[in-house]
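Below, each chain spelled out in residue letters.
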Amino acid sequence: ADRAGFGFSYPGISRRDPVPDRGKDPPEKRLSVKITGTTRIFTIIAHPCVHVVAPAVFNHLFEAMSMDMAYIAHDTPPEALPATIEAYRSWNNLGGFNVTIPHKESAAVLLDELLPPAADLGAVNTVVRSPGGVLTGYNTDGAGAVQAIGDVRGARCLVIGAGGAARAVIHALLQAGARCVAILNRTLERARALLEHFPEDRAGLFHPDMLPEMDVV
């Protein structure tokens, strides 16, 4: 987290630093988020949001760092997304929000500004709200994935999925020097549509015979 503002991205959980399951702690050790009139709020828009772990991650961090901030999940159906984002502009104590399934691409077109690589990808996972209500979108999916994977130069990579996060990861892998990327998705049409954004000689559809050749999955 950035002590000066909203500078954090959608959370990843390290195997070396697992987030405690506070539901199993005794009452005196459970996370206690104190919300006051000065608390800065952050949220994640998703639909549904029952799978979202971001509130547990960030509220644990906020408490550990004694930051007057709180993080909540916002279950937002697709038809309510435009009105939700418009309402966020006037939510004065909202610092920003994360975006996850199924909104990463549809939210991007509703923002005021997109910074690279979000502008190229047409998908966002992090949005910063300025004091004046300007919403700026970022995409850290690809950078986060490559940082977790490590050196991918010359590697043959398999990406499973064809949504906004997959597009960001493929973009980042190719930018980092991956030799090629194969895409596996339940819906063939969506995978083919995703391939239109990348060079034919470096990205293609996955076939089971290719699996032994994959260096990164």
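Reading guide: rules and limits
Residues numbered from 1 in each chain as written. Predicted model: local features only at pLDDT ≥ 70, side-chain atom pairs only at ≥ 80, totals over all residues. Heavy atoms only, no water. Patch = residues over 30% accessible without salt bridge, like charges linked within 9 Å, V, L, I, M, F, W, Y side chains within 5 Å. Areas by Shrake-Rupley, 256 points an atom, 1.4 Å probe, with all protein chains shown as cover. Salt bridge = Lys/Arg side-chain N within 4 Å of Asp/Glu carboxyl O. Helix = DSSP H or I, 4+ residues; strand = E, 2+ residues; numbered from the N terminus. Pairing = 2+ DSSP bridges. pLDDT = per-residue confidence, 0-100. Contact = heavy atoms within 4.5 Å. Phe/Tyr/Trp six-rings, centres within 6.5 Å; stacked < 30°, edge-to-face > 60°. Buried < 20%, exposed > 50% of the residue type's maximum accessible area, 1.4 Å probe, protein only. Axes fitted to C-alpha atoms, helices over the stretch in contact; angles between N-to-C directions. Core = buried A, V, L, I, M, F, W, Y, C linked by side-chain atoms within 4.5 Å.

What follows covers a nonpolar patch on the surface. Together, Ile160, Leu184, Leu211 and Val217 line one region of the surface with nonpolar side chains, adding up to about 400 Å² of accessible area. Checked against the element boundaries, Leu184 lands in strand β8 (residues 180-184).

So, about the pairing of strand β5 (residues 126-129). In this structure, strand β3 (residues 94-99) lies alongside β5, joined through three bridges in antiparallel fashion. Across the sheet, Gly96 pairs through a bridge with Val128, a residue of β5. Sheet topology places β5 next to strand β6 (residues 135-138); four bridges connect them, and they run antiparallel. Directly across from Val127, in β6, lies its bridge partner Gly137. Once β5 ends, the chain turns through five residues before running back antiparallel as β6, passing Gly133 with a positive phi of about 90°.

Another point: the confidence of the model for the chain. Residue-level pLDDT values for the chain average 88, and 85% of them are 70 or greater. Counting interchain partners and residues more than four positions distant, the pLDDT-below-50 stretch residues 1-20 has 43 contacts.

Looking now at the packing of aromatic side chains. A full pass over the atoms with the stated rule returns five aromatic pairs. When the centroid spacing of 5.9 Å and the interplanar angle of 45° are considered together, the rings of Phe42 and Phe62 count as tilted. Placement of Phe42 in strand β1 (residues 40-46) and of Phe62 in helix α1 (residues 54-64) is noted, with a sequence separation of 20 residues between them. On the basis of relative accessibility, which here comes to 0%, the residue Phe42 falls in the buried class. Ring centres of Phe58 and Tyr71 lie 5.0 Å apart, and the angle between their planes is 25°; on these two criteria the pair is classed as stacked. On the criterion of sequence distance, the pair formed by Phe58 in helix α1 and Tyr71 in strand β2 (residues 69-75) is long-range, its members being 13 residues apart. Each of the two residues, Phe58 as well as Tyr71, counts as buried. Clustering of aromatic rings is evident, with ring pairs tying together Phe42, Phe58, Phe62 and Tyr71.

Sheet architecture is open: six strands sit in the order β2-β1-β3-β5-β6-β4, paired in mixed fashion. Strands at the two margins of the open sheet, each flanked by one partner only, are β2 and β4 (113-114). In the sheet, β4 pairs with β6 via two bridges, with the strands oriented parallel. Each bridged residue has a counterpart across the sheet, and for Glu113 the counterpart in β6 is Thr136. Contacting β1, β2 and β3, α1 runs over the sheet at an angle of about 170° to β2.

As a further point, take the environment of Phe198. Relative to the assigned elements, Phe198 resides in the loop between α7 (188-195) and β9 (203-205). Phe198 sits 27 residues away from His171 along the chain, and the two C-alpha atoms are 7.9 Å apart. Look past the residues within four positions of Phe198 in its chain and what remains in contact with it is Arg167, Ile170, His171, Leu174 and Ala203.

What follows covers the nonpolar core. Counting residues in each nonpolar core, the largest one holds 22 residues, and the members touching the most others are Cys157, Val159, Ile170, Leu173, Val181 and Leu194. Listing elements by their share of this core, those giving two or more residues are α5 (141-149), β7 (156-160), α6 (164-175), β8 and α7. With six residues, the single largest contributor to this core is α6. Once you skip the residues sitting within four places of it in the chain, Val159 turns out to touch Ala166, Val169, Ile170, Leu173, Val181, Ala182, Ile183 and Leu184. Of all hydrophobic cores here, the second largest spans 16 residues; its members include Ile45, Leu94, Phe97 and Val127.

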